[in-house]
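If you want the building blocks of each chain, they are given just below.
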Amino acid sequence: MKRKPAAPVFKPYVMDQTALLPASYAEKIPEKHLVRVVNDAVEKIDVSSLLAEYKGGGTSSYHPKMLLKVLVYAYAKRIYSSRRIAEALRENIHFMWISGGNEPDFRTINGFRSSRG
């Protein structure tokens, strides 16, 4: 008795399916990852001098601590172009996590770096 050749079985592949898990980016990032080290280091820095440069009024600004974390992590990963950093904020889970999901554009990143860096 000959067996019929088995049909191949594939794992589900649905690109438009809404994902419920992981609930946060943090679940995907290991405890000792460089992005966590940068986050912890910048959290310990006194940024009151950066905060003092912001004046009230006008539109809301990105938090300077977030922008500093993004820049430090980008430099640690040898990413120096503000356009490449902005791209990483949209496409890289580590950048998404350290920025809290914020996506400042390249002009904002460059302006922060040149005026407050």
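Predicted model, so just to flag it, every value in this text is computed and none were measured.

Caption draft 1: Inspection of the overall build of the chain at higher detail. The number of helices and strands found in the chain is 6 helices and 0 strands. When the helices and strands of the chain are listed from N to C terminus, the series reads α-α-α-α-α-α. Split into buried and exposed, the 117 residues of the chain put 28% on the buried side. Long-range contacts, defined here as pairs at least 24 residues apart, represent 60% of the contacts in the chain between residues at least 6 apart. Within the structure as shown, the chain displays about 9,100 Å² of accessible surface, and the carbon and sulfur contribution to it stands at 54%.

Caption draft 2: Focus on the side chain of R36. Tracing the chain through its elements places R36 in helix 1 (residues 34-43). No salt bridge is formed by the buried R36. Its closest oppositely charged neighbour is E31, at 4.3 Å. A distance of 2.8 Å separates a polar side-chain atom of R36 from the backbone oxygen of A26. Apart from the residues within four sequence positions on either side, R36 is in contact with A26, I29, P30, E31 and W97.

Caption draft 3: Layout of the packing of helix 1 against helix 3 (residues 64-76). Their axes nearest at 10 Å, the elements helix 1 and helix 3 cross at an angle of 135°. On the basis of the axis angle, helix 1 is oblique to helix 3. In the crossing of helix 1 with helix 3, the sense of the turn from one axis to the other is right-handed. Of the residues in helix 3, those touching helix 1 at L34, V35, V38, N39, V42 and E43 are K65, L68, K69, V72, Y73 and A76. Split into classes, the residues belonging to the contact of helix 1 with helix 3 amount to 8 nonpolar, 1 polar and 3 charged.

Caption draft 4: Focus on the packing of aromatic side chains. Inspection of every chain in the model, using the stated rule, returns 2 aromatic pairs. Ring centres 5.6 Å apart and planes at 40° place the aromatic pair Y75 and Y80 in the tilted group. Lying over the aromatic face of W97, R36 brings its terminal NZ or CZ to 5.0 Å of the ring centre. A cation over an aromatic ring shows up here: R83 above the ring of F106, its NZ or CZ 3.8 Å from the ring centre.

Caption draft 5: Seen up close, the pattern of salt bridges. Applying the stated criterion across every chain, the model contains 4 salt bridges. One salt bridge connects K69 with E43, and the closest N-O pair in it is separated by 2.5 Å. With K69 in helix 3 and E43 in helix 1, this residue pair connects regions lying 26 residues apart in the sequence. On the basis of relative accessibility, which here comes to 40%, the residue E43 falls in the partly exposed class. Salt bridges sharing partners connect three or more residues here, namely E43, K65 and K69.

Thresholds, definitions, all that
Residues numbered from 1 in each chain as written. Predicted model: local features only at pLDDT ≥ 70, side-chain atom pairs only at ≥ 80, totals over all residues. Heavy atoms only, no water. Helix = DSSP H or I, 4+ residues; strand = E, 2+ residues; numbered from the N terminus. Buried < 20%, exposed > 50% of the residue type's maximum accessible area, 1.4 Å probe, protein only. Contact = heavy atoms within 4.5 Å. Areas by Shrake-Rupley, 256 points an atom, 1.4 Å probe, with all protein chains shown as cover. Lys, Arg positive; Asp, Glu negative; His and termini not counted. Salt bridge = Lys/Arg side-chain N within 4 Å of Asp/Glu carboxyl O. Polar contact = N/O pair within 3.5 Å; in protein donor to acceptor, adjacent residues only side chain to side chain. Axes fitted to C-alpha atoms, helices over the stretch in contact; angles between N-to-C directions. Parallel < 35°, antiparallel > 145°, perpendicular 65-115°, else oblique. Left-handed = near helix turned anticlockwise from the far one by under 90°. Nonpolar A, V, L, I, M, F, W, Y, C, P; charged D, E, K, R; others polar. Phe/Tyr/Trp six-rings, centres within 6.5 Å; stacked < 30°, edge-to-face > 60°. Lys NZ or Arg CZ within 6 Å of the ring centre and 35° of its normal.

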